[in-house]
Structures are given as structure tokens and as C-alpha cells.
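Chain by chain, the residues:
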Amino acid sequence: MKHIFVLMYDVYEIRKDFPVLEKVIYLDSGATTQTPKSAVLAMNDFFYNYAANYGRGAHRLSIEATNAFEDAREIVADFLNTPPENTIMTKNTTDSINIVANGFGFQKGDHIITTMIEHHSNFVPWLRQKENGAVISVADIDSEGFVNPNQIDEMITDQTKMIAVGHISNVFGSIQNIEKIIQIARKNNIPVLVDGAQSAGHMELDLKALDCDYFAAAGHKGLLGPQGTGVLYIKNPETIQPTVLGGGTTSDADTCGFTTKSSPECFEAGTPNLPGVIGLGAAVEYLQKLGVKNVESHDNKLAQDTAKRLKEIAGVEVYGPQNRAGLVSFNIEGLEPHTVAMRLDKVKNICVRSGYHCAIPGQKALGINGSSRASFALYNTEEEVDIFVEAVGEIAGSR
């Protein structure tokens, strides 16, 4: 795995690569990050110079398009330290998790463990396996949004076939002890799926060292790519049956049956999002040049400073631990989260998320009826934090 670090993290130079930041204070990167110019130019280059289908032609444009797509796959695989043939390009994290949930082949009596902290993408697909007779157990969370690995250990039975857990909570910013959970799973010979939607690109990852069985991530979050792109790592592809079949997945077919190709092609049915994946490859290259450790340190510092300062404002409740990843969820007493978000946008051009953040169970478990969320990325500044905290203080003071 390559590690590239810059000597100095110059956020003001970085911001030049994201033009929209001249218009707004963008604090919604937990939902979607902005995409750097280099990735947009890479996508434009595809459309202008070699737009063609993937792997379905012998002419020069098709070959160039296919090579560019596979180059992007290799960039992403190198970034995560995974073999390219085990690195599937998907639509998003949700798509990635559903490929595993629907392709694993759960049967009546099989046991799945997930947690109360999960985004719906890593919760609902497992609940749906009840239709196949699976039994679902849900681990609790504490007041800061942490899952106790020992509780997962206690939940394991002889029928446990999967443990699915999010790496970083998109509500609380809590970083789960994934390493310990995987150790417990290995001891019991149980596969683990990690939802890395909030960790990929925000913290250094080495999936070979982590030794998870499945890892799902979105291209449009920490990896800085466009919407409609995602990544799924499958340690042993033969453990998952493709559930979407057709163009691109088939090596032979007749009236008696068909034969699918090997991974990753068997999981990438139909025409892929070529420009999106090419843009994702360019975005990951951009991220590699900055150094993920630098990005992680930058994001986390902004979030931790913000959380500390918001707690000092009367009428503001902050959720999650102080030692958090790069997001802060909060509420202002007497105001609905959407009202807070709209006021921040109207008064200071500040973009934050509001609502349940597609993670209803965890918020309900702690008695939270939705929240506003500021989430940070490599391009946010301390000055933006100052403006944001001051604006929250003004809103809280004017109730």
C-alpha cells in the first residue's frame, strides 16, 4: 500500500480545487463531498475524447474506455490495499451491502448480528433476510454511540453467519473497535462486513491488514468521487452469488443455462458508470497526493474543536464522544433540526444536514428526535468553524 504525505497541509491551496466553496460554507461532506477539478476534468476527457462502452468492442475507443476503467479500479484497489479482482465497482455503499446481503444465500435459522448504530444501508438489508428465515440480533450502543465488542461476542451462536458493523457512525462520529470485532469473529469463524462509508478517505485503511471479509464504501463521500460510484471489497468472491445477471457477467449461455465470469465482472452487470469510475480514480489519486493521515488529522481536529465549542453554548446539546471522527451532530433546545439548518443556510450560507441521517434506530435508542449535523472534509477551515459556531450561538440565543 502506498503512503504519500505532503510536508505541509495547505487548506487554502486545496480549496482552489473546489470552486463551490467560494459561494458557501459547506459542512455536509458526511452526505456528499465536493469533487476536485482534476476528477471533473477526467470525466470530461472521457466524454470528449473516448466515450464508448466497456469491454464490448475491439475498436480503439472501446479499448481506451475499458483501460481507463480498469486503471481506476487499480488506483482504488491500491489505495485500500486490495487485489483489483476482489474490488468491485458499484453504485454506492447501499448497493455494495445489498450485493452481499442478497448474494450470501442466507437460509432459515441463520443468525446475523448488526448494531443499533448503523445507517439504514447496513441495517435494513439484514432485516429483510428475515423473509428467508434468518434471525437478526442487534447490539446496543452507549450514550456516546459506541458498540461494546464483548456484547457482540456474547450474541454469537452456532448459527451465526454474519456480523455487519459500521466503522464510523454518521450521527455520532464514534469510531468503532472494528479490529476487536474482527478478532472475535475470526475466533468463531464468522465473516464480517464493514460499512466504511464514513471511514474510506477520512482515515488510513489497509484492508489486507484489517482482514475483514467484506468492505463497502461510497465513491461520493470521503473518496471525493462523483455520485453514483461505490466500492465493494470481497475477500473470497466465491462466497457471494451474483444476483443481477446479464450483459457483462456472462461467459457462455445456451437454452440449458449460462456460465458467469469470474470476479469482479460477475458482479458488475450491464454498462458500468464509466465516467463516474474514471472520475473516482482521479479523485483517489488526488487524495493520495495529499496523504490520508493529513486529511484525517485535519478533519478530526475541526470536528473536535467544534464539538467542544458548541457544548459551551447554552441550549445546545451535542452528541457523541469528544475523541470523534470528522462530524458533529447537535440540537438547539426548542428548535427542529430542519429549522436550524434552514436558518444557517439563510443567514450565513452554511450547509449542514438535518433529520435522522438515515440512521433512525440509533437516534431513537438514545431518545433523539433527529439532529442537525456538521460534517467536515479536507477543504474546511478554522475560520469556517468560527463562523459556524458563532451562527449557532446566535440562533440559540434568539429562541
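In this text, all values refer to a predicted model and were calculated from it rather than measured experimentally.

The rules behind these values
Residues numbered from 1 in each chain as written. Predicted model: local features only at pLDDT ≥ 70, side-chain atom pairs only at ≥ 80, totals over all residues. Heavy atoms only, no water. Axes fitted to C-alpha atoms, helices over the stretch in contact; angles between N-to-C directions. Helix = DSSP H or I, 4+ residues; strand = E, 2+ residues; numbered from the N terminus. Parallel < 35°, antiparallel > 145°, perpendicular 65-115°, else oblique. Left-handed = near helix turned anticlockwise from the far one by under 90°. Contact = heavy atoms within 4.5 Å. Nonpolar A, V, L, I, M, F, W, Y, C, P; charged D, E, K, R; others polar. Pairing = 2+ DSSP bridges. Core = buried A, V, L, I, M, F, W, Y, C linked by side-chain atoms within 4.5 Å. Buried < 20%, exposed > 50% of the residue type's maximum accessible area, 1.4 Å probe, protein only.

A.B. asks: Break down the packing of helix 11 (residues 337-348) against helix 13 (residues 382-397) for me, citing the residues and quoting the values.
C.D. replies: Two numbers describe how helix 11 lies on helix 13: the axes approach to 10 Å, and their chain directions differ by 120°. By the angle between their axes, helix 11 is oblique relative to helix 13. As helix 11 packs across helix 13, the resulting crossing turns out to be right-handed. Side by side, helix 11 and helix 13 meet where V340, R343, L344 and K348 of the first sit next to I387, F388, A391, V392, E394 and I395 of the second. Its residues assigned to classes, the contact of helix 11 with helix 13 shows 7 nonpolar, no polar and 3 charged.

A.B. asks: Outline unusual backbone geometry, listing residues and values.
C.D. replies: At the junction of S263 and P264, the peptide bond is cis and its omega measures out at 10° in the coordinates. When you line up the elements, P264 lands in the loop between strand 10 (257-260) and helix 9 (274-290). For N81, which is not glycine, the phi torsion reads 60° and is therefore positive. As for its placement among the helices and strands, N81 is situated in the loop between helix 3 (60-80) and strand 2 (87-90).

A.B. asks: So, the sheet that holds strand 11 (residues 316-319): which residues are in play, and what are the values?
C.D. replies: To summarise the sheet geometry, strands pair through backbone hydrogen bonds and adopt either a parallel or an antiparallel arrangement. Ordered by their spatial adjacency, 4 strands build an open sheet running 11-12-15-14, and the pairing between neighbours is antiparallel. Of all strands in the sheet, those with a lone pairing partner are strand 11 and strand 14 (353-355), marking the two edges. Strand-to-strand twist in this sheet, taken as the mean axis angle between neighbours without regard to direction, amounts to 30°. As paired elements, strand 14 and strand 15 (residues 371-375) share 3 bridges and run antiparallel to each other. Paired with G355 across the bridge in strand 15 is S371.

A.B. asks: Go over the nonpolar core, please, and point to the residues and values.
C.D. replies: Counting 72 residues, the largest nonpolar core has I163, C212, F215, L223, L378 and Y379 as its most contacted members. The leading source of residues in this core is helix 9, at 10 residues. Core analysis: the next-biggest nonpolar cluster, separate from the first, contains 27 residues, A307, V316, V328 and V385 among them.

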